[in-house]
Amino acid sequence: MVSALQTNGFDGQNYLHLTFNRRIVRAGIVNYVVAVSDDGATWDRTQVQLQLVGAPVPTGDGATESVTYRILAVPGVTARKFVRLEVTDLQP
């Protein structure tokens with residue numbers, strides 16, 4: 001999992017991006033949620049503060065794909081944001 005500031009070509013602003021690999025072969029069995037928080041205690045799991053950047057990209061191993069999300073809060077304007085990836089096994 002990688003997070004980094006990247007410049008958006010449309011508005012010239014830097015946004016925090018989160019990139020991670022998710023399993024393709026277990027789709028529907030494993031759930032991935034990117035959660036966002038202002039304080040690290042209360043987490044927003046609705047995905048309304050996120051934007052998928054492009055389409056998922058196969059990693060070449062046949063089992064995973066790389067996914068990147070942009071956190072829509074603009075650093076410098078928003079005091080702080082916390083981001084975490086929550087992975088849930090739907091079939092224990």
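Numbering of residues starts from 1 in each chain and follows the order in which that chain's sequence is written. Where totals are concerned, whole chains, interfaces and linings use all residues; where local detail is concerned, this predicted model gives features only for residues with pLDDT of at least 70, and gives and counts side-chain atom pairs only at 80 or more. Excluded from the side-chain calculation are hydrogens and water; included are all heavy atoms of the structure.

**Q** Give me unusual backbone geometry: which residues, what numbers.
**A** At Gln47, a position not held by glycine, the phi torsion is positive, near 75°. The secondary structure listing takes helices from DSSP runs of H or I that are at least 4 residues long and strands from runs of E that are at least 2 residues long, numbered from the N terminus. Turning to its location among the elements, Gln47 is positioned in the loop between strand E3 (30-37) and strand E4 (50-52).

**Q** Provide a residue-level description of the environment of Val67, including the pertinent values.
**A** Turning to its location among the elements, Val67 is positioned in strand E6 (residues 64-71). Separated by 49 residues in the primary sequence, Val67 and Leu18 have C-alpha atoms spaced 8.2 Å apart. Throughout, a residue-residue contact means that at least one pair of heavy atoms, one from each residue, lies within 4.5 Å. If we skip the residues at most four places from it in the chain, Val67 touches Leu18, Thr19, Phe20, Arg22, Leu52 and Pro56.

**Q** So what's going on with the pattern of salt bridges? Residues and values would help.
**A** When the charged atoms of two side chains lie near each other, side chains of opposite charge can form a pair. One side-chain nitrogen of Lys or Arg within 4 Å of one carboxyl oxygen of Asp or Glu is enough to make a salt bridge. For the coordinates displayed, the defined rule picks out four salt bridges. Across the pair Arg45 and Glu86 runs a salt bridge whose closest N-O atoms are separated by 2.8 Å. Here Glu86 lies in strand E7 (residues 82-89) and Arg45 lies in the loop between E3 and E4, a separation of 41 residues in the sequence. In this scheme, a residue with accessible area under 20% of its type's maximum is buried, one over 50% is exposed, and one in between is partly exposed, where area comes from a 1.4 Å probe on protein chains only. Judged by its relative accessible area of 43%, Arg45 falls in the partly exposed class. Look at the salt bridges and you will find they share partners, linking Arg45, Arg84 and Glu86 into a network.

**Q** Please give an account of the packing of aromatic side chains that cites residues and values.
**A** Any pair of aromatic rings gets described here by the distance separating the centres and the angle formed by the planes. Here a Phe, Tyr or Trp ring, Trp counted by its six-membered ring, pairs with any other such ring whose centre lies within 6.5 Å, and the pair is stacked when the planes are under 30 degrees apart, edge-to-face when over 60, and tilted otherwise. Applying the stated criterion across every chain, the model contains two aromatic pairs. Geometrically, the ring pair formed by Phe20 and Tyr69 is stacked, given 6.2 Å between the ring centres and 10° between the ring planes. On the criterion of sequence distance, the pair formed by Phe20 in strand E2 (residues 14-23) and Tyr69 in strand E6 is long-range, its members being 49 residues apart. Like Phe20, the residue Tyr69 is buried in the burial classification. Put simply, the rings of Phe20, Tyr32 and Tyr69 touch in pairs and so form one group of aromatic residues.

Nothing here speaks to function; it is all geometry.
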